[in-house]
Amino acid sequence: MTTTTAPVLRPLTIGRHQAWPPVVLAPMAGITNVGFRQLCREQGGGIYVCEMITTVALVERNPKTLRMIAFGEDESPRSLQLYGTDPEITAAAVRIVVEKDLADHIDLNFGCPVPKVTRKGGGSALPWRRRLFARLVKAAVDAASPAGVPVTVKMRKGIDDDHLTYVEAGLAAQDAGVAAVALHGRTAAQRYSGTADWDAIATLKAALDVPVLGNGDIWEADDALRMVAHTGVDGVVVGRGCLGRPWLFADLEAAFNGSPERRLPTLGEVAATMRRHAELLVEQFTVGARNAARGERDGCTDFRKHVAWYLKGFPVGSELRRSLAMIESLAQLDDLLGKLDPAVPFPVETLGQPRGRTNSPGKVFLPDGWLASRDDDTVPEGAELDDSGG
């Protein structure tokens, strides 16, 4: 594999927390739970963010949401992403995080492009209403700062190419006191299609004094090095690139340390990683379950979605793939993994290819009159979500 020379970087600093390498695992609904984060942390360093938590669900003490706010005993910093649209509710949620010592770092979600969010004015639509955006971010920072908990924001370039907000929003977030800003180099209209705009990330980095993180199209460790060299960012955010490839974080650590070493696991090594992943999920779901059997079944069910990502490009028959995606126990998983040929080499043709969600650009659904006034700071009606995770 061709490698890129590591840039000269300092550890990523988020308030009082430092991380090396300067890598952040993006929160992904149904993916970045305790088990998956531990699996990734076993590969390499960085900051690993849990699934998105909605502010209203936290304030209302939703049982599912409270269960989702879980971290490993050695997980540091404990990083939590919040989604909200109301400054007062967001501040109340942050105060709960602080008072209950639920996390060490809070990230605010302004990047979600899905219609059910944007049509209510939330996620990537909200920065267009610049006064509301500034009020919300400042409310979160003011609620977190007495405890020394840093707040960051993650956002997109804007609604579409005609309604870009990222530089103005980044400056407003900096003025509100955030510790860092992360930019996904796509608009909401792009969703997960096309190519991420690294030039926009470079523009934001040049405009801000606080650390800037780049997100988008980091499929391999050398993509991260290229992004840093191209944009000058202080760190990178990795999302879909690690699906079915938690060893990407080992590659990232090696890359930022200047090592050319990259993982190309055989099918046998991938099978061992799959087994470890399922085991961690079973452990996670067994905590709080009525019995161990229920925890094992729920953990194995949660693992099923990862099978296709792990086996992407490997010559594994459709029947075996289908059976692996229907497991109900670790014993069943062990039996099926034993049918794989451990000597099969890694399919190098899949390197650098998109993983996870890929779709076409589309219309961004917005509330009526949303684009008419940028200075209207009215909280959008019905935009608060009561289901955490996305």
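A few points on the structure. Because the structure is predicted, anything quoted here is derived from the model rather than measured.

Rules and cut-offs
- Residues numbered from 1 in each chain as written.
- Predicted model: local features only at pLDDT ≥ 70, side-chain atom pairs only at ≥ 80, totals over all residues.
- Heavy atoms only, no water.
- Helix = DSSP H or I, 4+ residues; strand = E, 2+ residues; numbered from the N terminus.
- Rg over C-alpha atoms; globule rule 2.2 N^0.38 Å.
- Buried < 20%, exposed > 50% of the residue type's maximum accessible area, 1.4 Å probe, protein only.
- Contact = heavy atoms within 4.5 Å.
- Areas by Shrake-Rupley, 256 points an atom, 1.4 Å probe, with all protein chains shown as cover.
- Lys, Arg positive; Asp, Glu negative; His and termini not counted.
- Charge placed at Lys NZ, Arg CZ, Asp CG, Glu CD.

### So, the overall build of the chain
Okay, step 1: What the chain contains, in helices and strands, is 15 helices and eleven strands.
Okay, step 2: For 390 residues, the compact-globule formula gives about 21 Å, and the C-alpha radius of gyration of the chain, at 21 Å, lands near that figure.
Okay, step 3: Oriented by its inertia axes, the alpha-carbon framework of the chain measures out at about 60 × 50 × 40 Å.
Okay, step 4: Looking at the chain residue by residue over its 390 residues, the buried ones come to 56%.
Okay, step 5: A separation of at least 24 residues holds for 74% of the contacts in the chain among residues at least 6 apart in sequence.
Okay, step 6: Counting every atom, the chain has about 15,800 Å² of accessible surface; 49% of that belongs to carbon and sulfur.
Okay, step 7: Here the chain contributes 44 positively and 49 negatively charged side chains, and the mean placements of these two sets differ by 3 Å.

### Side note on helix H10 (residues 248-256)
The periodicity of an α-helix, 3.6 residues per turn, causes residues three or four positions apart to be oriented the same way.
Okay, step 1: H10 sits mainly inside the fold: eight of its nine residues count as buried.
Okay, step 2: Turning to H10, its buried residues are Leu-248, Phe-249, Ala-250, Asp-251, Leu-252, Ala-254, Ala-255 and Phe-256.
Okay, step 3: Buried-residue contacts for H10 involve strand S3 (23-25), helix H1 (34-41), strand S4 (47-48), helix H9 (221-231) and strand S11 (235-238).
Okay, step 4: Directly after H10, the chain includes Gly-258, whose backbone phi takes a positive value near 85°.

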